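Examining the three-dimensional arrangement
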Amino acid sequence: MSRTNMSKIALIIPTRLDAKRLPNKPLKLINNKEMILHVYDLAKKSNVNEVLVATPDEAIAQKIKDVGGKAIITRTSHNTGTDRIYEVFKNELKSEPEFIINLQGDMPNLDPSAINYLVNHIKKKNCDIATLASKLDNQRDKLDRNVVKVTTKEKIIKNDKFSAALDFSRVIENNISDFIYHHIGIYAFTNKALLRYVSLARSKLETERGLEQLRALEDKMKIHVGYVDQSPLSVDTENDLIEIKKLMEINV
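Just so we're clear, the structure is a prediction, and the values are computed from it rather than from any experiment. (Residues numbered from 1 in each chain as written. Predicted model: local features only at pLDDT ≥ 70, side-chain atom pairs only at ≥ 80, totals over all residues. Heavy atoms only, no water.)

With that settled, consider the overall build of the protein chain. Each helix and strand in the protein chain was counted, giving nine helices and eleven strands. On C-alpha atoms alone, the protein chain measures out to a radius of gyration of 17 Å, which is about the 18 Å that the 2.2 N^0.38 rule sets for 252 residues. In terms of overall dimensions, the protein chain has C-alpha extents of about 50 × 40 × 35 Å along its principal axes. Split into buried and exposed, the 252 residues of the protein chain put 54% on the buried side. If you take every contact in the protein chain between residues at least 6 apart in sequence, the share linking residues at least 24 apart comes to 71%. (Helix = DSSP H or I, 4+ residues; strand = E, 2+ residues; numbered from the N terminus. Rg over C-alpha atoms; globule rule 2.2 N^0.38 Å. Buried < 20%, exposed > 50% of the residue type's maximum accessible area, 1.4 Å probe, protein only. Contact = heavy atoms within 4.5 Å.)

See the structure below:
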């Protein structure tokens, strides 16, 4: 694709083999297909024309290339997935896309419609970053530190409404559940917001909680959260992998 014809929106999937909780996670098989290929396929089913995988690992890149996809080998030294996608945005895409979608490589059962919903909002340019959330209605998820929670300004964010994010955490303080949702690991940036984000030093809360979005929030960047009526599972542990296999086998 020539630079002049490149979509103004790029979707980049940052992924690596060296995950502490579940090593080699992107290459784990679900229905006899690697998890990263499930994520790549759902990304391609969205309305985003430019889809790339950003990885420091040749084994992942080769899987993507084997199916005719585009994978970029990045440096190994990035602290976060967003820093990794910036390398691709700057070097491979020459900083040309107006909007950049950061899709985590460990959500193989995300519905592509969620990506389209997010894209439609960021194109309005009324926030720096847009992300998604779903219901948080069972006690297991409320207590699970691997399930990231987002607190929103408005209690109700359904019916195609987005609300400002106030906080992201792994625990619910004082058992308060109003205004709190299950955060989904996908972000849409304006190009200016991405440039601003990567220029910032890692923040105090980002480091303490292990949540990169707090870097933006602590710098007063405007993050909007939209609700989707689905609960894509982020695969972080072996138990998550077992659960996602059960879910995706049922839907085959």
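Before going further, it helps to examine the confidence of the model for the protein chain. Predicted coordinates in regions of low pLDDT should not be interpreted in detail. Predicted confidence across the protein chain gives a mean pLDDT of 91, with 93% of residues reaching 70 or more. Under a pLDDT of 50 for its full length, residues 1-6 has, in the predicted model, eleven contacts with residues more than four places off or in other chains. (pLDDT = per-residue confidence, 0-100.)

For strand β4 (residues 50-55), the buried fraction is high: six of the six residues fall into the buried class. Side chains Glu50, Leu52 and Ala54 project from β4 onto one buried face, and the interleaved Val51, Val53 and Thr55 project onto a second face that is buried too. As paired elements, strand β1 (residues 9-14) and β4 share five bridges and run parallel to each other. When the bridges of β4 are listed, isoleucine 13 appears paired with valine 53. On the question of chirality, the crossover connecting β4 to the parallel strand β5 (residues 71-73) by way of helix α2 (residues 58-66) is right-handed. (Pairing = 2+ DSSP bridges. Right-handed = clockwise from strand over helix to strand, strands pointing away.)

On a regular strand, one side chain projects to one face of the sheet and the next to the other, so that they alternate. As paired elements, strand β8 (residues 149-152) and strand β9 (residues 162-169) share four bridges and run antiparallel to each other. Of the residues in β9, the one forming a bridge with valine 150 is phenylalanine 168. Bridge count between β9 and strand β11 (residues 223-227): three bridges; the pairing is antiparallel. Bridge pairing in β11 places serine 163 opposite valine 225.

Glancing now at the packing of aromatic side chains. All chains considered together, the criterion is met by five aromatic pairs. Ring geometry for tyrosine 86 against phenylalanine 89: centres 6.1 Å apart, planes inclined by 40°, an arrangement best described as tilted. One end of the pair is tyrosine 86 and the other is phenylalanine 89, both in helix α3 (residues 81-92) and three residues apart, which spans about a single turn. Each of the two residues, tyrosine 86 as well as phenylalanine 89, counts as buried. For the pair phenylalanine 189 and tyrosine 197, a centre-to-centre distance of 6.0 Å together with 70° between the ring planes defines the contact as edge-to-face. When its relative accessible area of 2% is taken as the criterion, phenylalanine 189 is described as buried. Here the aromatic residues Tyr187, Phe189 and Tyr197 are joined through ring pairs into a cluster of three or more. (Phe/Tyr/Trp six-rings, centres within 6.5 Å; stacked < 30°, edge-to-face > 60°.)

Before going further, it helps to spend a moment on the nonpolar core. If you look at the biggest cluster of nonpolar residues, it comprises 36 residues, and the most contacted ones within it are Leu11, Ile13, Leu103, Leu110, Ile115, Leu132 and Ile186. When contributions to this core are tallied by element, the ones reaching two or more residues are β1, α1 (35-44), β4, α2, β6 (99-103), α4 (112-122), β7 (129-134) and β10 (180-190). Apart from the residues lying within four places of it in its own chain, the contact partners of isoleucine 13 are Ile36, Val39, Tyr40, Ala43, Val51, Leu52, Val53, Ala54, Leu103, Gln104 and Gly105. Ranked by size, the runner-up nonpolar core spans 32 residues in total, among them Ile72, Ala133, Val150 and Ala216. (Core = buried A, V, L, I, M, F, W, Y, C linked by side-chain atoms within 4.5 Å.)

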